[in-house]
Amino acid sequence: MSHILAIDQGTTSSRAIGFDARMHPVAQAQEEFPQVYPQSGWVEHDPEDIWASTLATARKVAGELGPETIAAIGITNQRETTLIWDRETGKPIHNAIVWQDRRTADTCAALRAEGFEDVVRARTGLLLDPYFSATKVKWLLDHVEGARAAAEAGRLAFGTVDTYLVWRLTEGRVHATDATNASRTLLYDIHRGEWDAEICDRLGVPMSLLPEVRDCDGDFGSTTLLGGEIPIRGVAGDQQAATIGQACFAPGMMKSTYGTGCFALLNTGAQAVISQNRLLTTIAYRIGGQTIYALEGSIFVAGAVVQWLRDGLGIIGKASEAGGMARKADPGQELILVPAFTGLGAPYWDAEARGAVYGITRNTGPHEFARAALESVGFQTRDLMEAMWADAGRGEGVLRGAEMATLRVDGGMSASDYTMQFVADITGAPVDRPKVVETTALGAAWLAGQAVGLYPDAGGFAETWAVDTRFTPQMDEAMREARYARWRDAVSRTLSR
Ligand SMILES: Nc1ncnc2c1ncn2[C@@H]1O[C@H](COP(=O)(O)OP(=O)(O)O)[C@@H](O)[C@H]1O
Ligand SMILES: O=P(O)(O)OC[C@H](O)CO
């Protein structure tokens, strides 16, 4: 029993990674699956694609490790994405509605107009945005024929992707989620640690749909589908798993994951800090019954801006060429790109804004566009950090004296030295890229591994975290503030309201 299997079910692919007894990755498999775009602004996944790609990659890695050597499974997942299925047949009533999907924007606006956002904010720590699960659940119940009646009769089950995978892996025996995934539904009171009856009622969501909420290192049953019988002992949403994998266990520690989007989480300890700057308050993890909270800044476009350089503009052949292009940009030009391709997330939350470029001259070319694209990720990170520092400072002393100056980074785009140096320059904070960049899978593996006694406790795990590259701020203060002011001006001209 010397391995842990981590399942990482992401937005564009499913992955399985096997970790050995020293928490080193030793086997891995990955499968992409199709994105379904039924209408502009709508994004769905076929639940069977999610399941088939997860099972195939998990089986491949289990086969390589030998299923009898796997002590436990940890699951981490794209968050907020919503599924509803029939408890009897196990059949989903519709495709999964993905976190990026904007179809419930009007429902959110209507609830906001009724003044419901204050209730939501106080109890769930979130905002009324289509990003979260609740209005997606409502949409499914309102639009799938017979769904509401079946839900009221107790025949349906709701779950985020973790819950669906646990259900499938345990062949319908366990309907449960963990506290981090629950905290992204907009139906869960993060302070009392229970589903909120009033919010469910207001959105017309029968509580019989909801899974039981367990600790991140709780008992999620076991599976016999990979060979032998393997317990599932770790579950956490992917951004929370990365926070754990980065060993951000102390208040004031912060990580930022640069994938398709960018998600920064700041550990605020046992205190839930309600943001005055439109950040989200969320559960970082709940281990052994103790809840630790985080402030989160979610940006929808980070690595996606590099995909746009490649697929939209065609000025690079692959993502890794973007940094080289940016280095060739004319230092005398200042092009600013606000990548509001699907609106703007934190701290602006403007679903209607669309992208804009400022400062084009006759001499502007591909190099300047590449630099502006990469820099937009740094500017957005600074927006989040400004908001976090302002909020955390009000944290009644929990964060006072905490080390808040370093940013731990991971995700595919953290491979870009150019971008990470700019993040350090424009935020003025050192940026640490660790040796193990598979932090999401590592976080899930650690949860499961420590639950079964194979891995050390949080303190022991934190000691194994090691920096690979540190990016130190090099831009002088006056330049940093002047450039950031120009970004803020560009954003203010891009907002829809
Ligand atoms: N060297 C690089 N420079 C800039 N961007 C990169 C680089 N390598 C990968 N990326 C970007 O990182 C993203 C992929 O990161 P990943 O963590 O796999 O994302 P996700 O989990 O959201 O699918 C892509 O958007 C890609 O454009
Ligand atoms: O699957 P990812 O890595 O794009 O992460 C998605 C986030 O969990 C959405 O909140």
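Rules behind the numbers
- Residues numbered from 1 in each chain as written.
- Chains lettered and ligands numbered in written order.
- Predicted model: local features only at pLDDT ≥ 70, side-chain atom pairs only at ≥ 80, totals over all residues.
- Heavy atoms only, no water.
- Helix = DSSP H or I, 4+ residues; strand = E, 2+ residues; numbered from the N terminus.
- Rg over C-alpha atoms; globule rule 2.2 N^0.38 Å.
- Buried < 20%, exposed > 50% of the residue type's maximum accessible area, 1.4 Å probe, protein only.
- Contact = heavy atoms within 4.5 Å.
- Areas by Shrake-Rupley, 256 points an atom, 1.4 Å probe, with all protein chains shown as cover.
- Domains from an automatic or database assignment.
- Buried area = accessible area lost by both parts, 1.4 Å probe.
- Salt bridge = Lys/Arg side-chain N within 4 Å of Asp/Glu carboxyl O.
- Polar contact = N/O pair within 3.5 Å; in protein donor to acceptor, adjacent residues only side chain to side chain.
- Near = heavy atom within 4 Å.
- Nonpolar A, V, L, I, M, F, W, Y, C, P; charged D, E, K, R; others polar.
- UniProt positions renumbered as here; feature names shortened; annotations may be inferred.
- Core = buried A, V, L, I, M, F, W, Y, C linked by side-chain atoms within 4.5 Å.

Engineer: What exactly am I supposed to notice about the overall build of the chain here?
Structural biologist: Assigned secondary structure in the chain consists of 16 helices and 23 strands. For 497 residues, the compact-globule estimate of 2.2 N^0.38 gives 23 Å, and the chain sits close to it at 22 Å. C-alpha atoms of the chain, sized along the principal axes, occupy 65 × 50 × 50 Å. Out of the 497 residues in the chain, the part that is buried amounts to 61%. Sequence-distant contacts, at least 24 apart, represent 73% of the contacts inside the chain between residues at least 6 apart. Surface summary for the chain: the accessible area is close to 17,900 Å², and the carbon and sulfur share equals 49%.

Engineer: When you look at the domain arrangement of the chain in this model, what are you seeing that I'm missing?
Structural biologist: Buried accessible area, meaning the area lost when the parts come together, often serves as the stated size of an interface. The domains assigned to the chain are domain 1 (3-237) and domain 2 (247-497). Taking only C-alpha atoms into account, the centre of domain 1 sits 25 Å from that of domain 2. Counting residues at the interface gives 45 residues for domain 1 and 41 residues for domain 2. For the pair domain 1 and domain 2, the summed buried surface comes to about 3,500 Å²; carbon and sulfur atoms form 64% of the total. Counting the surface domain 1 buries against domain 2, the share from its top three residues, Met23, Arg121 and Leu127, is 17%. Between Glu296 and Arg184 there is a salt bridge, with the nearest N and O atoms lying 3.0 Å from each other. Along the contact surface separating domain 1 from domain 2 lie 17 residue pairs in polar contact (both at pLDDT 80 or more). Elements supplying a minimum of two residues to the side of domain 1 that touches domain 2: β1 (3-9), β2 (13-19), β5 (70-77), α3 (117-124), α7 (179-182), β12 (212-214) and β14 (230-237). Examining the composition of the side of domain 1 that touches domain 2, we find that six residues originate from one element, β5, more than from any other.

Engineer: In this structure, what is going on with the environment of Val377? I would like to understand it.
Structural biologist: Position of Val377 relative to the elements: it lies in helix α12 (residues 366-392). Take Val377: its relative accessible area is 2%, and that puts it in the buried class. For the pair Val377 and Gly345, spaced 32 residues apart in sequence, the C-alpha separation works out to 13 Å. Beyond its immediate sequence surroundings of up to four residues, Val377 is in contact with Tyr258, Ala302, Val305, Met413 and Thr419.

Engineer: Is there a simple way to think about the site of ligand 2 in this case?
Structural biologist: Around ligand 2, the neighbouring residues are Gly10, Thr11, Gln78, Arg79, Glu80, Trp99, Tyr131, Asp238, Gln239 and Phe263. The side chain of Tyr131 places a nitrogen or oxygen atom 2.8 Å from an oxygen atom of ligand 2. When ligand 2 is considered free in solution it has 310 Å² of accessible area, and contact with the protein chains removes 87% of it. Within the shell around ligand 2, the residues separate by chemical class into three nonpolar, four polar and three charged.

Engineer: How should I be thinking about the environment of Ala373 in this particular structure?
Structural biologist: Residue placement: Ala373 occurs in helix α12. Residues Ala373 and Thr361 lie 12 residues apart in sequence; the distance between their C-alpha atoms is 17 Å. In this structure Ala373 touches Val305, Leu309 and Leu337, once residues within four positions along its chain are discounted.

Engineer: Whenever I open this one, helix α10 (residues 303-312) confuses me. Can you help?
Structural biologist: It helps to recall that an α-helix has 3.6 residues per turn; residues three or four apart then point in one direction. The set of residues buried in α10 consists of Gly303, Ala304, Val305, Val306 and Leu309. For α10, the secondary structure elements touched by its buried residues are α11 (322-327), β19 (336-338) and α12.

Engineer: Honestly, the UniProt feature "domain: Carbohydrate kinase FGGY N-terminal" (unreviewed entry) in the chain in this entry has me stumped. Any pointers?
Structural biologist: Per the UniProt record, "domain: Carbohydrate kinase FGGY N-terminal" (unreviewed entry) is found at residues 4-245. Taken end to end, residues 4-245 is 33% helix and 25% strand, and its two terminal C-alpha atoms sit 14 Å from one another.

Engineer: Which parts of the structure should I look at to understand the site of ligand 1?
Structural biologist: The immediate surroundings of ligand 1 are formed by 13 residues, with Thr12, Thr260, Gly303, Gln307 and Gly412 found nearest. The side chain of Thr260 places a nitrogen or oxygen atom 2.6 Å from an oxygen atom of ligand 1. In the model, an oxygen atom of ligand 1 is placed 3.0 Å from a nitrogen or oxygen of the Gly303 main chain. Relative to its free-state accessible area of 590 Å², ligand 1 is covered by the protein chains to the extent of 69%. Classifying every residue of the shell around ligand 1 by side-chain character gives four nonpolar, nine polar and no charged.

Engineer: What exactly am I supposed to notice about the nonpolar core here?
Structural biologist: In this structure, Leu187, Leu209 and Tyr258 are the most contacted members of the largest nonpolar core, which totals 90 residues. The leading source of residues in this core is α12, at 11 residues. Shared between two domains, this core holds at least three residues of each, these being domain 1 (3-237) and domain 2 (247-497). Dropping the residues within four chain positions of it, Leu209 is found in contact with Ile84, Arg87, Val137, Leu141, Ala151, Leu156, Ala157, Phe158 and His175. Among the nonpolar cores identified, the runner-up in size contains 33 residues, and Ala27, Ala29, Ala62 and Leu65 belong to it.

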